[in-house]
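Take a look at the letters that make up each chain.
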Amino acid sequence: MRVYDIIMRKRDGLELDGDEISFLVDGFVAGEIPDYQMAAFLMAVYFRGMTARETGDLTMSMAGSGDIVDLSCLPGRKVDKHSTGGVGDKTSLVLGPMVASAGIPVPKMSGRGLGHTGGTLDKLESIPGFRVSLSMDEFLSAVRGVGIAIVGQTGRLAPADGKMYALRDVTATVDSIPLIASSIMSKKIAGGAEAIVLDVKFGSGAFMKGYEDAVGLATAMVSIGGSVGRETVAVISCMEQPLGFAVGNALEVAEAVETLSGRGPLDLTELCLTLGSYMLVLGGKAPDPASARAVLEGLLASGKCLEKFIQMVGAQGGDTSVGRDPSFLPRAAVVAPVRADCPGYVLRADALQIGRAAMSLGAGRLTKESPVDRSVGIVLEKKVGDRAEDGEVLAWCHAPDDASGEAAVDMVKRAYAMSPDPPLSHRIVRAIVTGRGVEAL
Ligand code: URA
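Residues numbered from 1 in each chain as written. Predicted model: local features only at pLDDT ≥ 70, side-chain atom pairs only at ≥ 80, totals over all residues. Heavy atoms only, no water.

### Overview of the overall build of the chain
Within the chain, the regular secondary structure consists of 16 helices and 14 strands. In terms of overall size, the chain behaves like a compact globule, its C-alpha atoms giving a radius of gyration of 22 Å where 441 residues would be expected to give roughly 22 Å. Seen along its three principal axes, the alpha-carbon backbone of the chain occupies a region of about 70 × 45 × 40 Å. Scored against the burial criterion, the 441 residues of the chain give a buried share of 57%. Across the chain, contacts joining residues at least 24 apart in sequence account for 77% of those joining residues at least 6 apart. Just so you have it, the chain exposes about 17,400 Å², and 54% of that area is on carbon and sulfur atoms. Of the side chains in the chain, 44 bear a positive and 53 a negative charge, and the two mean positions are spaced by 2 Å. (Helix = DSSP H or I, 4+ residues; strand = E, 2+ residues; numbered from the N terminus. Rg over C-alpha atoms; globule rule 2.2 N^0.38 Å. Buried < 20%, exposed > 50% of the residue type's maximum accessible area, 1.4 Å probe, protein only. Contact = heavy atoms within 4.5 Å. Areas by Shrake-Rupley, 256 points an atom, 1.4 Å probe, with all protein chains shown as cover. Lys, Arg positive; Asp, Glu negative; His and termini not counted. Charge placed at Lys NZ, Arg CZ, Asp CG, Glu CD.)

### A closer look at the site of the ligand
As a structural note, the neighbourhood of the ligand is formed by Tyr165, Arg168, Ile180, Ser183, Ile184, Lys187 and Phe207. Within the contact set of the ligand, an oxygen atom lies 2.9 Å away from a side-chain nitrogen or oxygen of arginine 168. Contact between the ligand and lysine 187: an oxygen atom at 2.5 Å from a side-chain N or O atom of the residue. Relative to its free-state accessible area of 240 Å², the ligand is covered by the protein chains to the extent of 83%. At the level of elements, helix H8 (159-170) and helix H9 (177-190) are the ones that each hand at least two residues to the shell around the ligand. (Near = heavy atom within 4 Å. Polar contact = N/O pair within 3.5 Å; in protein donor to acceptor, adjacent residues only side chain to side chain.)

### Points about the sheet that holds strand S11 (residues 393-399)
One key point about sheets: their strands pair by backbone hydrogen bonds, in either a parallel or an antiparallel sense. A sheet is described by the order of its strands in space; here four strands give the open sequence S6-S9-S11-S7, paired in antiparallel fashion. Two strands close off the open sheet at either side, each with one partner strand: strand S6 (246-247) and strand S7 (334-339). Relative to the sheet, helix H15 (residues 351-361) contacts S6, strand S9 (377-380) and S11, its axis offset from that of S9 by approximately 140°. (Pairing = 2+ DSSP bridges. Axes fitted to C-alpha atoms, helices over the stretch in contact; angles between N-to-C directions.)

### Regarding a negative patch on the surface
Taken together, the side chains of Asp401, Asp402, Glu406 and Asp410 define an acidic patch exposed on the protein surface. Note that glutamate 406 resides in helix H16 (residues 402-415). Accessibility expressed as a relative area gives 56% for glutamate 406, which makes it exposed. (Patch = residues over 30% accessible without salt bridge, like charges linked within 9 Å, V, L, I, M, F, W, Y side chains within 5 Å. Salt bridge = Lys/Arg side-chain N within 4 Å of Asp/Glu carboxyl O.)

### Points about helix H1 (residues 3-11)
Every buried residue of H1 is listed here: Val3, Ile6, Ile7 and Lys10. Along the axis of H1, the buried positions cluster into a sector of 95°, meaning they face one direction only. Each element contacted by the buried residues of H1 is listed here: helix H2 (18-29), helix H3 (35-48) and helix H4 (52-63). Taken from the residues just after H1, glycine 13 is the one with a positive phi, measuring 85°. (Arc of directions from axis to C-beta.)

### Let's talk about the packing of aromatic side chains
What the rule picks out here adds up to two aromatic pairs. On the numbers, 5.2 Å between centres and 85° between planes, the contact of tyrosine 46 with phenylalanine 47 is edge-to-face. Ring plane angle 85° and centroid distance 5.5 Å describe the contact between phenylalanine 202 and tyrosine 211, whose orientation is recorded as edge-to-face. When the ring centre of phenylalanine 245 is taken as origin, the NZ or CZ atom of lysine 383, which lies over that ring, is 5.8 Å away. The positively charged end of arginine 387 is found above the aromatic ring belonging to tyrosine 345, 5.1 Å away from the centroid. (Phe/Tyr/Trp six-rings, centres within 6.5 Å; stacked < 30°, edge-to-face > 60°. Lys NZ or Arg CZ within 6 Å of the ring centre and 35° of its normal.)

### Points about the state of the cysteines
Inspection of every chain in the model, using the stated rule, returns zero disulfides. Cysteine 305 provides the cysteine sulfur closest to cysteine 272, a residue in no disulfide bond, and the two sulfurs are 10 Å apart. Given the relative accessible area of 0%, cysteine 272 is considered buried. This cysteine, cysteine 397, is not joined by any disulfide, and cysteine 342 carries the nearest cysteine sulfur, 18 Å off. The exposure class assigned to cysteine 397 is buried, which follows from its relative accessible area of 0%. (Disulfide = S-S within 2.5 Å.)

### Describing the side chain of glutamate 54
Along the polypeptide, glutamate 54 turns up in helix H4. Engagement of the side chain of glutamate 54 in a polar contact is seen with the backbone nitrogen of threonine 51, the distance being 2.8 Å. Discounting chain neighbours no more than four positions away, the residues touching glutamate 54 are Lys10, Leu14, Glu15, Leu16, Ile21 and Gly49.

### With respect to the sheet that holds strand S5 (residues 231-238)
Taken in spatial order, the five strands of this open sheet run S1-S4-S5-S13-S14, and their pairing is mixed. Here the strands that pair on one side only, and so sit at the sheet edges, are strand S1 (79-83) and strand S14 (437-440). On average, each strand axis in the sheet is inclined to that of its neighbour by 20°, with strand direction left out of account. By the bridge criterion, four bridges tie strand S13 (residues 429-434) to S14 in an arrangement that is antiparallel. Opposite isoleucine 432, over in S14, you have glutamate 439 as the bridge partner. Packing against the sheet, H9 makes contact with S1, strand S4 (195-202) and S5, and its axis sits at approximately 150° to S1. Across the face of the sheet, helix H12 (residues 266-282) comes into contact with S1, S4, S5 and S13 while running at roughly 155° to S4.

This is the structure we're talking about:
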């Protein structure tokens, strides 16, 4: 087999077989295939696409390029969740304890934030003492004892993906549905998932800007899951405005605690209940999403979900007082208001611009090496559809000092658009994609 022929076949739009794909992936990870040949292959995929079968084979080759986590010591079918990321996206902090309290084991490997998108590990690390680096034994024994643990992904999971992504990043080949879908699914499969629930977001603050693109990506991932024996369901959700009110690490932990107490923002609660319902169904804990939702609503109201969060924090060395009183979280020195300069209804609270404002305060990273200030961020008072009077507070900027607070106030002000009339729909969940097709809501 010659790499040259594989590149040529893909360039000419022919379908590759599984042996050709694994030859390419294995050779690349072993350092036998140079970057320039892999880059040419990725560009050929960018233009020619991949069939569902090829995408499944690529996913499994990448998943098999490093360790596959063995979760067989945990009971039941292991269901993982993945979000394509966004602004104010603290779903893992809420959803993990929620489904763990329903008896689904949650051995969750998460990532750090980059750019305007936050990361679960950075949020958890705002809890004093919380450890996200556990050995595999510590990780599995925490899940066995408490039902949930959230840790960082090890470098040995799907190394082919890390290497290929680094090349895609500098060769303009990130935006390819088969490459994105196989990248995400390979990491979930290497993490030991037997079934997967995906939160695929669209909108200004999301990776996929348009609804149709998000549905296309979701459909590709659901199809990969089906073809490799990992039942997959995707929830399509809107990321035109931030999820919930809080954007920024400690601020989001506080909001997650509120949500786990049953007093959270409606959009965040709705999204977590929807994702959680499908996790319960795929995990065999409920016959259908409606009965799963009733179980989760009962658990939220009973305080068991918050209790599970507190147990997880304790098991990972964190200060459990945070679960009862958010004032134990780091707090910013300055809190500056963003005020409306005309009366009206909020038409837009642009997620990307608000995410950038939070990043400018230090809540996010410009590069992988940048430090993160866990105390800072933005808390919205008004979201799309809300009424605000002239001079009323639209949002608060939690800043390290007055100067950066003022700059963030200007940025957040520009993220808002007002209208004399209330906008039409601003629902969070827009569609469900399963192996049977797309159900628009
Ligand atoms: N996220 C991933 O994990 N992989 C991609 O290719 C794009 C987004």
